[in-house]
Amino acid sequence: MRTFEQISNLRTYLRGLRQERKTVGFVPTMGALHAGHLSLVQRARGECDVVVVSIFVNPTQFGPKEDYSKYPRDMPRDMQLTSNAGVDALFLPTSEEIYPAGFQTWVEVTEVSKPLEGALRPEHYRGVATVVTKLLNIVQPDIAYFGQKDYQQFLVVERLARDLNMPATIQMVPTLRESDGLAMSSRNVYLSEEERSAATLLSRLLSTAGQRVLAGVTSAQTLRAELEALVSAEPLATLEYIELVHPDTLKPIQTLGEGVTLVVAAVRFGKTRLIDNALIAPEGVAPPRPRVSKGV
Ligand code: PAF
């Protein structure tokens with residue numbers, strides 16, 4: 001596995017591969033890798049000739065009171081995991097490489113960034129959209145892979161890639177879960193033992209929502225109240241939001257019986273904030289497939 005800190009060196013390496021007509025798969029990450037990230041790598045490995053992973057804890061997507069300085073970092077382990085997973089190139093830029101002195105250009109996806117995470121973390125998606133645009137420009141992949149766990153992030157990236165005429169395909173990969181349903185996340189390491197077992201609440205909320213819709217519940221208001229009651233019953237959980245929204249626009253849905261709904265939740269367990277989501281549909285509606293957006 002080759003490692004690169006400088007954009008120019010990575011570009012020279014990739015230019016050579018492109019001249020050989022090799023396809024490039026790209027998995028952007030912030031490190032602290034887990035099996036969820038590796039499932040993105042595995043998907044890229046199966047679909048592309050060359051796999052590039054970036055590890056960059058992007059300061060601009062953290063709010064002033066968020067965990068940027070404490071975000072888990074373990075480079076030796078990440079290097080071992082990526083090398084074992086058959087990654088060809090690891091891009092490890094410094095902050096100065098990505099945001100050199102004088103940097104002043106931002107990418108803002110105005111609508112799909114606003115609700116849910118965007119409402120609680122106002123600068124977050126501007127930081128994500130900006131760094132992902134830069135990374136896609138640097139790597140110029142054929143396919144870039146993003147996990148479904150950050151569903152809204154996927155929509156933001158899908159939108160910016162279309163709006164800015166990026167040629168890459170943006171591929172969603174289903175969320176990988178622990179055996180008890182907890183979605184894999186780098187932030188799970190913050191949970192105490194008690195919080196870790198309480199955190200299974202999140203995936204239970206999503207499966208309850210799916211079952212209730214299959215059982216014929218059509219009022220989003222009723223279902224939301226039921227789900228909120230489940231959160232209130234867990235003493236270690238503090239609800240930030242649970243919403244039933246349209247999977248393309250993230251606009252609230254009132255009636256659930258008509259198509260696919262995205263149920264999306266953010267819950268705090270102690271100081272740790274976790275998010276999760278699922279696509280749910282009533283009986284007779286085809287189960288949704290992971291989104292993919294072809295480059296334009
Ligand atoms: O999902 C993440 O790890 C980050 O938001 C990303 C896409 C690597 C941008 O910093």
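Below you will find a few notes about this structure. (Residues numbered from 1 in each chain as written. Predicted model: local features only at pLDDT ≥ 70, side-chain atom pairs only at ≥ 80, totals over all residues. Heavy atoms only, no water.)

**A closer look at the overall build of the chain**
Helix and strand content of the chain: ten helices and ten strands. Taking 296 residues into account, the globule formula puts the C-alpha radius of gyration at 19 Å, and the chain, at 19 Å, falls close to it. Taken over the C-alpha atoms alone, the chain extends approximately 55 × 40 × 40 Å along its principal axes. For the chain, buried positions account for 52% of its 296 residues. By sequence separation, contacts in the chain at least 24 residues apart represent 74% of the contacts at least 6 residues apart. Looking at the chain as shown, the accessible area adds up to about 14,200 Å², and 50% of this sits on carbon and sulfur atoms. Of note, the chain has its 32 positive side-chain charges centred 4 Å away from the centre of its 33 negative side-chain charges. (Helix = DSSP H or I, 4+ residues; strand = E, 2+ residues; numbered from the N terminus. Rg over C-alpha atoms; globule rule 2.2 N^0.38 Å. Buried < 20%, exposed > 50% of the residue type's maximum accessible area, 1.4 Å probe, protein only. Contact = heavy atoms within 4.5 Å. Areas by Shrake-Rupley, 256 points an atom, 1.4 Å probe, with all protein chains shown as cover. Lys, Arg positive; Asp, Glu negative; His and termini not counted. Charge placed at Lys NZ, Arg CZ, Asp CG, Glu CD.)

**Examining the site of the ligand**
Around the ligand lies a shell formed by Pro28, Thr29, Met30, Asn58, Gln61, Val131, Val132 and Gln153. Within the contact set of the ligand, an oxygen atom lies 2.6 Å away from a side-chain nitrogen or oxygen of Gln61. Measuring from an oxygen atom of the ligand, one finds a side-chain N or O atom of Gln153 at 2.7 Å. Relative to its free-state accessible area of 290 Å², the ligand is covered by the protein chains to the extent of 89%. (Near = heavy atom within 4 Å. Polar contact = N/O pair within 3.5 Å; in protein donor to acceptor, adjacent residues only side chain to side chain.)

**Quick notes on the environment of Val213**
Mapped onto the elements, Val213 comes out in helix α9 (residues 201–214). Through-space distance from the C-alpha of Val213 to that of Thr261 is 9.6 Å; in sequence the pair is 48 residues apart.

**Quick notes on the sheet that holds strand β5 (residues 143–147)**
If you trace the seven strands from one edge of the open sheet to the other, you get β1-β4-β3-β2-β5-β6-β10, paired in mixed fashion. On the outer flanks of this sheet lie β1 (2–4) and β10 (292–293), each paired with one strand and no other. Pairing geometry for strand β2 (residues 24–29) and β5, over two bridges, is parallel. Bridge pairing links Gly25 to Ile143 in β5. Helix α1 (residues 7–19) contacts β1, β2, β3 (50–55) and β4 (89–91) of the sheet and is inclined by roughly 140° relative to β1. Against the sheet, helix α2 (residues 35–47) engages β2, β3, β5 and β6 (169–173), with an angle of about 155° to β5. (Pairing = 2+ DSSP bridges. Axes fitted to C-alpha atoms, helices over the stretch in contact; angles between N-to-C directions.)

**Let's talk about the side chain of Glu158**
Secondary-structure assignment places Glu158 in helix α7 (residues 151–163). Glu158 gets classed as buried once you look at its relative accessible area, which sits at 5%. A distance of 2.9 Å separates polar atoms of two side chains, one belonging to Glu158 and the other to Arg291. Those residues in contact with Glu158 that lie beyond four places of it in its chain are Ile170, Arg291 and Ser293.

**Thoughts on helix α6 (residues 124–139)**
Between its terminal C-alpha atoms α6 stretches 22 Å, which fits the 22 Å expected from 16 residues at 1.5 Å a residue. The buried fraction of α6 is high, at 13 of 16 residues. (Expected span 1.5 Å × (residues − 1).)

**As for the pattern of salt bridges**
Between side chains of opposite charge, a pair can form when the charged atoms approach closely. Enumeration over the complete set of coordinates arrives at 19 salt bridges. Between Glu158 and Arg291 there is a salt bridge whose closest N-O contact spans 2.9 Å. Of this pair, Glu158 sits in helix α7 while Arg291 is found in the loop between β9 (272–280) and β10, placing the two residues 133 residues apart along the sequence. Of the two residues examined, Glu158 and Arg291, each falls in the buried class. Linking Arg177 and Asp276 is a salt bridge whose minimum nitrogen-to-oxygen distance equals 2.8 Å. (Salt bridge = Lys/Arg side-chain N within 4 Å of Asp/Glu carboxyl O.)

**Comments concerning unusual backbone geometry**
Positive phi, normally seen in glycine, also occurs at Ala32, with a value near 50°. Position of Ala32 among the secondary structure elements: in the loop between β2 and α2. Take Ala32: its relative accessible area is 13%, and that puts it in the buried class. At Gln140, a residue that is not glycine, the phi angle is positive and equals roughly 50°.

**Some points on empty space enclosed by the protein**
If you walk through the whole model with that rule in mind, you get three cavities of 30 Å³ or more. Along the walls of the largest cavity sit 15 residues, with Tyr151, Gln152, Tyr241, Val264 and Ile275 positioned nearest its centre. Secondary structure elements with two or more residues in the lining of the largest cavity: α7, β8 (261–269) and β9. Across the lining of the largest cavity, the residue classes break down as nine nonpolar, two polar and four charged. Its volume calculated, the second largest cavity comes out at about 50 Å³. (1 Å grid on protein atoms, 1.4 Å probe; cavity = no way out; pocket = protein on both sides within 12 Å on 5 of 7 lines; lining within 4 Å. Points joined across faces, edges and corners; volume = space filled by probe spheres on them. Nonpolar A, V, L, I, M, F, W, Y, C, P; charged D, E, K, R; others polar.)

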